[in-house]
Amino acid sequence: MDAIGTLVSIFARPDLWAGTLRFAAPLTLAALGGVISERSGVVNIAMEGMMLVGAFFSVLVAAATHDIVLATLSSVLCGGLIAAVHGVASIHLRANQIVSGMAINLLALGLTSFLMFRFFATTGTPSDIPALPDVKIPVIYDIPFVGAVIGDQNLVVWLSILAVPLAWWFLFRTRLGLRIRAVGEHPRAADTLGISVYRIRYLCVILSGLLSGLGGAYLSLSVAHSFSDNMTSGAGFIALAAMIFGKWNPIGAFLACLLFGFGQSLGINLQGTGFPDQLVAATPYVLTVVALAGFVGRAVAPAADGVPYEVGE
Amino acid sequence: MTAVAPGPRGRLDGAATPHLEMRGITKAFGSLLANDHVNLEVQDREIHAVVGENGAGKTTLMNILYGLIHPDEGEILIDGQPVRIRGPRDAIAAGIGMVHQHFQLVPVMSVAENVVLGQEPGGIVLDRAAAVRQVRDLSERFGLIVDPTARVETLPVGIQQRVELLKILYRGSRLLVFDEPTAVLTPQETDELFEILRGLVAGGKTVILITHKLNEVMAISERVTVLRQGRNAGVLETARTSPPEIARAMVGREVLLRVERDEAHLGEERLRLEGVTADSDRGLPALAGIDLAVRAGEIVGIAGVSGNGQLELAEVIAGLRPITAGHIYLQGKEVGAQPAAERRANGLAYIPEDRHARGLVLPFEIKDNLILGSQSRPPFAVRGQRNSAAIDQRAEDLIHQFDIRPPNPEAPVSSLSGGNQQKVVVARELAEDPKVMVAAEPTRGLDVGATEFIHQELIRKRDEGLAILLISSELDEIFSLSDTIAVIYQGRIVEVMPSATADRERVGLLMAGGTVESAVPTAAQIAEAAATLGSPGVTGDGPHGEGGA
Ligand SMILES: Nc1ncnc2c1ncn2[C@@H]1O[C@H](COP(=O)(O)OP(=O)(O)O)[C@@H](O)[C@H]1O
Ligand SMILES: [Mg+2]
């Protein structure tokens, strides 16, 4: 058939591009958190778990209070809390950070499944929970195509886009950012200059939890409008891939998230167009693998990434 | 036993309050007493040497002063006032700066970023321009020329040390601690550093210099505190002491500073290089046609400033680096294309320059390190399996013969001191009765006792007929061990001479490629700069140093 023609018509759909931004947003938040955490020297593969926890608790609080602000705050908080657990394990207890991260992911999966069953067993999550608001931009909304892409996007999409330059500025332009990067590259050197390695690392790990938690809230409150078991289905790992693909740089990570978001959006837009369903469903993952395998080049992690630091006794 | 009387208090003025006093400092690591009631007293504007063998507790003492380690007991006084130093931040505030034994620089960051880190100019935002400007000012004022925008990892070690020094000066420290600063420097760089230290002291700073090189103590210090096995072993006035006396205090017994050496009895030629060329790791020509011969019973010393092809020379002979042209003959047989293992089997031994990366498998036990390279040959392997009895026997013999401490064959090599690690390497390399040995920097970083031991071992083997190619950046070592001296410069042997008639001045000149004038600041220039900047007011007691960390 005329596959090329179908593709071209899909590319002309504003839906494809609006979807790209929508899918990229939670990835971006989580990936930025990962960048900050690993820049300080703590390997973080627990974004998946942090997002999942954020996704669940936002729905739980939303169902209980019908207050969207409270719901969002609690998801951010819970993301930060579970990140703090990863922090204690990898910073104070000097555990293997991959193992700790994996444990956090499993813990989050078990915990949310259990609580899901405990609170919403028979009914599923209620449908009357509030959603995160969309931002309708008056003039732009009326521009054809552009309006359909960015004229009515969710608040979190804009927040995630805003967070990118902010994270870059934070890491590469502020005094604290310089210290964070120093701690991630050579903690001992930072320590000898009176910088508290532990404090910086906790700060960064928890920051990553806050961001992932918000990403999770967006997934449940706005994209799915509900919570279901393991609903992040690998988004945290795709964010991890984006972080590496983006070479631990906020801008690079964002571009990678856009690419992966595009893959997901393309998958959705290809549905029902005659392309084999399985292939379509695999699109985002295939894109991830191809991108990582083919185009990363030599990605250089911060020198002390994943290496616990021991202060003198 | 030797009794070294503690020197008089304060050469300059017996009544003056010392700038620094450390009293009764004690620190135990498990059952090991790294510092046992150690006292240290340093007068204002003094260059005070702290010496001791490796493991004597020098670094521990200085880390306590800098707040990196907390002592179990003892107190620290600055200008007579007790101070509590809970961490580096307190030390910096007390005007203490330290150049650590292993540089504490972030390789991927710029010089300016490394210097200002922790006390950056700016508010929330780092004021990069100000950082660069301040560092440039500082470096120009002290004549420590370095580009503030250069990435640290691109700089040679000598310059990296300047960056460390700038870090201290930026913080306005008055008391400067240098932990073995010359270990990584060439003789010229050491001279430059000493010139800088003299200038700093003239400008009002006080310097503590940790070292175990006696000639450095004699050259620059006013007094010297000797540590031995974690305890004070005397305070000596440099002007009234001598290297043998210091060495005796360090080691606790008489030490041979001169190596006893009989006339060489030269045998047949064992190693020969003809027009050997090779590339460096970066693919640049490193050896530009080496011609060299070593005979049985002879030590040929390669003198040169490090980085002139010595590393590559050792590696091409050992078979670890391909040659691009020329011939290498081992006992008359061409081996230029042979792999390393085959050369070893044919009687070649190799003490690598970097014992951690090349000479040892650090996490492995002593006994396994002692058979590396022979592990798959009988008697250590029988039908493809380890023969524990033979391995244990070999370990027991060598540990005894070389006095490796602790004498526990099951201890991981990483737990040994540098001297004992090197003994493991030397013991292993000599164990298989080699015909030719390449010894690259065999005593680098070792203390007096271990150096003496390894020197004697090399001489003994030479007397038994071993052909030894000695590569060393220490001219003293070259002169005291070699029968023949060959000077290497930019990948070429520029001259070969019998050591009996060799002239140090001339060798030094040849090493530098004829004449070299480097841009060293004068002591007067540094003194002036230190005086204008030395006031404690510049110390980081301002708004800096807080900011989130
Ligand atoms: N963090 C530590 N843990 C255990 N032992 C240590 C530690 N630091 C130093 N030591 C031991 O303390 C002794 C003194 O070491 P150090 O102060 O580094 O000696 P030096 O600087 O004089 O060579 C050595 O035996 C060393 O192995
Ligand atoms: Mg030391």
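Reading the values: rules and limits
- Residues numbered from 1 in each chain as written.
- Chains lettered and ligands numbered in written order.
- Predicted model: local features only at pLDDT ≥ 70, side-chain atom pairs only at ≥ 80, totals over all residues.
- Heavy atoms only, no water.
- Near = heavy atom within 4 Å.
- Polar contact = N/O pair within 3.5 Å; in protein donor to acceptor, adjacent residues only side chain to side chain.
- Areas by Shrake-Rupley, 256 points an atom, 1.4 Å probe, with all protein chains shown as cover.
- Helix = DSSP H or I, 4+ residues; strand = E, 2+ residues; numbered from the N terminus.
- Nonpolar A, V, L, I, M, F, W, Y, C, P; charged D, E, K, R; others polar.
- Pairing = 2+ DSSP bridges.
- Axes fitted to C-alpha atoms, helices over the stretch in contact; angles between N-to-C directions.
- Buried < 20%, exposed > 50% of the residue type's maximum accessible area, 1.4 Å probe, protein only.
- Donors = N, O, S within 2.8 Å, 3.2 Å for Na, K, Ca; no water.
- Domains from an automatic or database assignment.
- Contact = heavy atoms within 4.5 Å.
- Buried area = accessible area lost by both parts, 1.4 Å probe.
- Salt bridge = Lys/Arg side-chain N within 4 Å of Asp/Glu carboxyl O.

**Notes on the site of ligand 1**
Residue and element names in this part refer to chain B.
- Every residue lining ligand 1 is accounted for by Phe29, Leu32, Ala34, Glu53, Asn54, Gly55, Ala56, Gly57, Lys58, Thr59 and Thr60.
- Contacts to ligand 1 include Thr59, whose side-chain N or O atom sits 2.7 Å from an oxygen atom.
- About the coverage of ligand 1: the protein hides 62% of its 560 Å² of free accessible area.
- Top contributing element to the shell around ligand 1 by residue count: helix α1 (residues 58-65), with 3 residues.
- Among the residues making up the shell around ligand 1, the classes are represented as 4 nonpolar, 5 polar and 2 charged.

**Focus on the sheet that holds strand β2 (residues 32-42) of chain B**
Residue and element names in this part refer to chain B.
- As summarised here, the arrangement of the 4 strands in space is β2-β1-β4-β5, forming an open sheet in which the pairing is antiparallel. The two strands at the open ends of the sheet, each matched to only one other strand, are β2 and β5 (81-83). Between one strand axis and the next, the sheet turns by 30° as a mean value, whatever way the strands run.
- Note that strand β1 (residues 20-29) and β2 share 7 bridges and pair antiparallel. Note on β2: the bridge partner recorded for Phe29 is Leu32.

**Overview of the pairing of β1 of chain B**
Residue and element names in this part refer to chain B.
- The element β1 is largely enclosed, with a buried count of 7 among its 10 residues.
- Where β1 folds back on β2, the antiparallel hairpin that results is connected by 2 residues, among which Gly30 adopts a positive phi of roughly 60°.
- Pairing between β1 and strand β4 (residues 73-78): 5 bridges, direction antiparallel. Residue pairing in the sheet places Met22 in a bridge with Ile76 of β4.

**Some points on the coordination of the magnesium ion (ligand 2)**
All names here are of chain B.
- Binding of the magnesium ion (ligand 2) to the protein goes through Thr59 (OG1) and Gln101 (OE1), at separations of 2.0 to 2.5 Å. Taken together, the residues Thr59 in helix α1 and Gln101 in the loop between β6 (96-99) and α3 (111-116) connect sequence positions 42 residues apart.
- Judged by its relative accessible area of 27%, Thr59 falls in the partly exposed class.
- On the basis of relative accessible area, Gln101 is assigned to the partly exposed category, the value being 30%.

**Considerations on the domain arrangement of chain B**
Residues and elements named next belong to chain B.
- The domain architecture assigned to chain B consists of domain 1 (1-95 + 175-182 + 208-252), domain 2 (260-347 + 434-540) and domain 3 (361-431).
- The interface of domain 1 with domain 2 comprises 9 residues on the first partner and 9 residues on the second.
- Per-residue buried area on domain 1 facing domain 2 is highest for Glu53, Asn54 and His212; these three make up 48% of the total on that side.
- Applying the counting criterion to the domain 1 and domain 2 interface returns 1 salt bridge.
- Here domain 1 is connected to domain 2 by 2 residue pairs in polar contact (both at pLDDT 80 or more).

**A look at the interface of chain B and chain A**
- Taken together, the contact between chain B and chain A spans 38 residues of the former and 25 residues of the latter.
- In this assembly, chain B packs against chain A so that about 2600 Å² is buried in total across both faces, 58% of it on carbon and sulfur atoms.
- The tally of links from chain B across to chain A stands at 2 salt bridges.
- For Arg175 of chain A, the salt bridge identified is with Glu120 of chain B, shortest N-O distance 3.2 Å.
- Where chain B packs against chain A, one counts 11 residue pairs in polar contact (both at pLDDT 80 or more).
- Going through the elements one at a time, β1, α2 (88-93) and α3 of chain B are the ones with two or more residues in the side of chain B that touches chain A.
- With 3 residues, the single largest contributor to the side of chain B that touches chain A is α2 of chain B.
- Residues belonging to the side of chain B that touches chain A are distributed by class as follows: 18 nonpolar, 12 polar and 8 charged.

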